[in-house]
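Here are the chains, one letter per residue:
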Amino acid sequence: MFDAALVNKISELRARLIALRGPHHEAATATGGLPIYADLGGVLCVTPTGEVRAYDSDSFSVRTVEDPVWVEIALTRLASLDPALSAVAPTRPEDAGSCPACGATGVYWGGVCLRCLGRGWTSRDGR
Ligand SMILES: [Zn+2]
């Protein structure tokens, strides 16, 4: 799914996070991915090959995330981490407008805006 440059960048960021024992480094180790979002439901991580996995720090379990909403949230957040990762961002349709719920920030009450899935924009059909 991801090209070599994306694989290398995600691997580099993940290795640095683990080495520094940064936030959610245990999720990075358990999932093989880069942690990009956390809430009470767990930690979302994206692997260097583009798979989205969730880590539950209570049960220490890992599962593959297939829900397209959470996959899009994961990729949107991944794209915002580093300009080298911007290619994974969802394509903004021409008819898209700023999200009225979050004011185009992608953040709502300190968490990801579920109206726009963190993109900051919504299209005419409401997605
Ligand atoms: Zn929004």
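Residues numbered from 1 in each chain as written. Predicted model: local features only at pLDDT ≥ 70, side-chain atom pairs only at ≥ 80, totals over all residues.

Novice: Hey, could you run me through the nonpolar core in this one?
Specialist: Burial of nonpolar side chains together is a common tendency in soluble globular proteins. Of all hydrophobic cores here, the largest spans 25 residues; its most connected members are Leu 34, Ile 36, Leu 44, Cys 45, Val 46 and Ala 74. Of all the secondary-structure elements, those providing two or more residues to this core are helix H1 (4-19), helix H2 (25-31), strand E1 (34-39), strand E2 (42-46), strand E3 (52-56) and helix H3 (68-81). Two domains each put at least three residues into this core: domain 1 (4-88) and domain 2 (91-127). Sequence-distant contacts of Cys 45, that is, excluding residues within four places in its chain, are made with Ala 27, Ala 28, Thr 31, Gly 33, Leu 34, Pro 35, Ile 36, Arg 53 and Tyr 55. (Core = buried A, V, L, I, M, F, W, Y, C linked by C-beta atoms within 7 Å. Buried ≥ 20, exposed ≤ 12 C-beta atoms within 10 Å, placed from the backbone. Helix = DSSP H or I, 4+ residues; strand = E, 2+ residues; numbered from the N terminus. Domains from an automatic or database assignment. Contact = placed C-beta atoms within 7 Å.)

Novice: Hey, could you run me through H3 in this one?
Specialist: Side chains of residues three or four places apart in an α-helix project in the same direction, reflecting 3.6 residues per turn. Along its 14 residues, H3 runs 20 Å from first to last C-alpha, staying within 8% of the 20 Å computed at 1.5 Å per residue. Restricting attention to buried positions, one finds in H3 the residues Ile 73, Ala 74, Leu 75, Thr 76, Arg 77 and Leu 78. (Expected span 1.5 Å × (residues − 1).)

Novice: Is there a simple way to think about the environment of Ala 96 in this case?
Specialist: When you line up the elements, Ala 96 lands in the loop between H3 and strand E5 (97-98). For the pair Ala 96 and Arg 124, spaced 28 residues apart in sequence, the C-alpha separation works out to 6.1 Å. Among all residues touching Ala 96, those that are not within four sequence positions of it are Trp 121, Thr 122 and Ser 123.

Novice: Help me understand the environment of Ala 54 in this model?
Specialist: Along the polypeptide, Ala 54 turns up in strand E3. We classify Ala 54 as buried; it has 22 C-beta atoms within 10 Å. C-alpha of Ala 54 to C-alpha of His 25: the two residues are 29 residues apart in sequence and 13 Å apart in space. Beyond its immediate stretch of four places on either side in the chain, Ala 54 contacts Gly 42, Val 43, Leu 44, Arg 63 and Val 65.

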